[in-house]
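Fold and geometry: a report
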Amino acid sequence: MQDSKLILLIQSFTKEEIRVFGNYLEGTSYRKTSNVFALFNYLKKLHPVFPEEKIAKEYVFKKIMPKGKAYNNKRMRDVMSILSITIENFLLAKELEESEMERELLMLNVLRKRKQDKLFFQKVHQIQKKWEKDAPPGIERYLYEYLIQKAHYSHPNFSKYLTKKMSLHNLMEKVDNYYFASKLYCTINLLKHKHSFKPSDGDQPIIFIEEISQICKKSPYKENIHLDIFNCFFETYTHQDNSDYQTLKQLYFNRIDFFDDSEKIDLFFLLQNYCSINYNHGKDEYVKELFELNKFSVEEKIIIEDDMIATSLFRSHVIIGCIAKENEWVANFIKNYQHYLDKSKREDIVLLCEATLALSQKQFETCLEKLLTVKIEDIVYGMQVRILQLEAYYELENYEEAFYNLVHSFTIFLHRNKEISDNQKEPILNFIHFSKKLHKEKYNPNSKKINLIPKLNEYEKILERKWLMRKAVELQNKK
């Protein structure tokens, strides 16, 4: 039973869902004394951990069947199947309860099949009136607007209950709204990774995208908020125009409630990606844009998904806040939002973030103290710990031995580790190599005091370029 559909479905339940499903099961035709109830009650006691030996079919059969009954594989599979189907029906009912648009469309189908024409057309009018006043967020609404209008238009008694003029042109406009919005949305998400809508080798071209972009600037489509914003994203990415970015940012901030949760986070990543590209290309003013964007994402809870913040997002918010010198905001963010981190990693991620903040505040020994207690097994975060340690050792006098010991051990670790690709290793090894040059220039009285800035610019791939440049400039200014 370990990898069965039944176990996987029950494992996905929360404690509250286990309770609610128990009540739901009582409302079905299965008696409380049935094997289906017995199986659920047995598995409920194990939830959420299901040890393999305790869910072996033969073992479970003995627990739920009358004493002394010989094991019957078919009977066991039948009981498991019935419970699985009941769970699926429960989950469908739960999903339908939470999805207003699906529920409304399904109800129209029910009324049509039962030939309740008056109720059908009343329902259509009620939905349309409600959505005109308070439309559901996200581009899926255009799909449902089309499906509801199609159900309306295709009803055999459509003309009898028609209250206002409607034609196939109205129906096609609904199709266009959904198609254009979906096409632009998919394209801008593709641009986030490729930075170009020209096809790569083996890829199909994105047909009609430029035509759609031009059409969306004309009536009636230019009044569509989603088309306007998605088209603005498309043009910002393709034109790389800073003024377009400012317009886009304000559109996103001011119209945030028009997007569903997945669109909010996708558009956030698009804006973040655009700013990161510009910042990494030497446009330092974009660090402020990144910070404002991150701050907005926290205030609007955009980065919180299923009551969790991904550790990578949490870290990036801390790092950008530190680079932007918004240390007070970073401290409050760590304190007030750490409970959204995965509980199993929370303590170590918080220590790593606090160490990053301490480094930003020039509290180098505090930074090292916090890093000493981090027990992260993840390779990526383990490398981040070593990088922070190197930067802290560089800043402190009388830590020369610790600095070079870490340089040596970190280099050996990278060369020996097979899980890290060569493309990932190269910028880190370059960072280590250049850090040694900086350390030698800073602390070796016999060094030739050469200008390291041009040498840093020779590296095509190097980690922590901004930090290294600041340190090289500091050394140059002391000469």
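Above: the structure in question.
Since we're looking at a predicted model, the values are computed, not measured. (Residues numbered from 1 in each chain as written. Predicted model: local features only at pLDDT ≥ 70, side-chain atom pairs only at ≥ 80, totals over all residues. Heavy atoms only, no water.)

1. Side note on a negative patch on the surface
Negative charge collects at one region of the surface, where D261, E305, D306 and D307 lie side by side. Mapped onto the fold, E305 is located in the loop between α14 (286-299) and α15 (311-323). Overall, the relative accessible area of 57% leaves E305 in the exposed class. (Patch = residues over 30% accessible without salt bridge, like charges linked within 9 Å, V, L, I, M, F, W, Y side chains within 5 Å. Areas by Shrake-Rupley, 256 points an atom, 1.4 Å probe, with all protein chains shown as cover. Salt bridge = Lys/Arg side-chain N within 4 Å of Asp/Glu carboxyl O. Lys, Arg positive; Asp, Glu negative; His and termini not counted. Charge placed at Lys NZ, Arg CZ, Asp CG, Glu CD. Helix = DSSP H or I, 4+ residues; strand = E, 2+ residues; numbered from the N terminus. Buried < 20%, exposed > 50% of the residue type's maximum accessible area, 1.4 Å probe, protein only.)

2. Some words on the packing of α14 against helix α16 (residues 327-337)
Where α14 meets α16, the closest approach of the two axes is 13 Å, and the angle between their N-to-C directions is 25°. As far as their axial angle goes, α16 and α14 are roughly parallel. Seen from above, α14 lies across α16 with left-handed handedness. Across the interface between the two elements, F291, K295 and V298 from α14 touch W329, F333 and Y337 from α16. (Axes fitted to C-alpha atoms, helices over the stretch in contact; angles between N-to-C directions. Parallel < 35°, antiparallel > 145°, perpendicular 65-115°, else oblique. Left-handed = near helix turned anticlockwise from the far one by under 90°. Contact = heavy atoms within 4.5 Å.)

3. Looking at unusual backbone geometry
Here the residue pair H47 and P48 is connected by a cis peptide bond, since its omega of 10° sits within 30 degrees of zero. Among the secondary structure elements, P48 is positioned in the loop between α3 (35-46) and α4 (57-64). One non-glycine residue, D307, adopts positive backbone phi at about 60°. Structurally, D307 can be placed in the loop between α14 and α15. In this structure D307 comes out as exposed when scored by relative accessible area, which is 57%. The backbone phi angle of K325 is positive, close to 60°, even though this residue is not glycine. Structurally, K325 can be placed in the loop between α15 and α16.

4. Brief notes about α4
One turn of an α-helix holds 3.6 residues; hence residues three or four places apart share an orientation. Residues of α4 that are buried include every one of V60, F61 and I64, and no others. Projected onto a plane normal to the axis of α4, the buried residues spread over an arc of 105° and lie on a single side. The inward-facing, buried residues of α4 abut α3 and α5 (73-98). (Arc of directions from axis to C-beta.)

5. Examining the environment of L351
With respect to the helices, strands and loops of the structure, L351 is situated in helix α17 (residues 346-360). Classification of L351 as buried rests on a relative accessible area of 14%. Linking L351 and K370, residues 19 residues apart in sequence, is a C-alpha distance of 5.8 Å. Contacts of L351, omitting those with residues within four sequence positions, involve K370, T373 and V374.

6. Remarks on the environment of L191
Along the chain, the position of L191 falls in helix α9 (residues 168-194). When its relative accessible area of 1% is taken as the criterion, L191 is described as buried. Taking C-alpha positions, L191 is 7.1 Å from Y237, a pair spaced 46 residues apart along the chain.

7. Some points on the nonpolar core
The biggest cluster of nonpolar side chains holds 101 residues, and the ones touching the most others in it are F230, Y252, F314 and L438. Contact partners of F314, with chain neighbours within four places excluded, come to I309, F333, I334, Y337, Q338, L341, I349 and C353. By size, the runner-up hydrophobic cluster in this structure holds 28 residues, among which are F21, L39, Y42 and L46. (Core = buried A, V, L, I, M, F, W, Y, C linked by side-chain atoms within 4.5 Å.)

8. Focus on a positive patch on the surface
A grouping of K44, K45, K54 and K63 is seen on the molecular surface, where their side chains present a positively charged patch. Mapping K54 onto the fold places it in the loop between α3 and α4. Among the residues examined, K54 registers a relative accessible area of 36% and is labelled partly exposed.

9. Concerning the packing of aromatic side chains
Following the criterion strictly, the structure yields 32 aromatic pairs and no others. Centroid distance F21 to F40: 5.0 Å. Interplanar angle 75°. Geometry classified as edge-to-face. You can see F21 sitting in helix α2 (residues 15-26) and its partner F40 sitting in helix α3, a full 19 residues away along the chain. There is no split in this pair, since F21 and F40 are both buried. Ring plane angle 15° and centroid distance 4.0 Å describe the contact between F253 and F296, whose orientation is recorded as stacked. Taken together, the residues F253 in helix α12 (residues 242-254) and F296 in helix α14 connect sequence positions 43 residues apart. We note that F253, like F296, is buried. Pairwise contacts between aromatic rings join Y185, F230, Y252, F253, F259 and F296 into one cluster. (Phe/Tyr/Trp six-rings, centres within 6.5 Å; stacked < 30°, edge-to-face > 60°.)

10. As for α14
A rise of 1.5 Å per residue sets the reference length of α14, with its 14 residues, at 20 Å; its end C-alpha atoms lie 20 Å apart and thus fit the reference within 8%. Of all 14 residues that make up α14, 10 are buried, and the element is covered over most of its length. Considered for burial, the residues of α14 that qualify are Y286, V287, E289, L290, F291, L293, N294, F296, S297 and V298. (Expected span 1.5 Å × (residues − 1).)

11. Thoughts on the environment of S81
Position of S81 relative to the elements: it lies in helix α5. Once the C-alpha coordinates of S81 and V36 are considered, the two residues, 45 residues apart in sequence, prove to be 9.4 Å apart.

12. Re the pattern of salt bridges
Taken as a whole and judged by the stated rule, the model has 17 salt bridges. It is possible to trace a salt-bridge network through shared partners that takes in E395, K442, K471 and E474.

13. What about the state of the cysteines?
Tallied over the entire structure, the rule returns zero disulfides. As a non-bridged cysteine, C353 has C322 as the owner of its nearest cysteine sulfur, 8.6 Å distant. The cysteine C367 is free of any disulfide, with C322 supplying the nearest cysteine sulfur at 10 Å. C367 sits in the buried class, given a relative accessible area of 0%. (Disulfide = S-S within 2.5 Å.)

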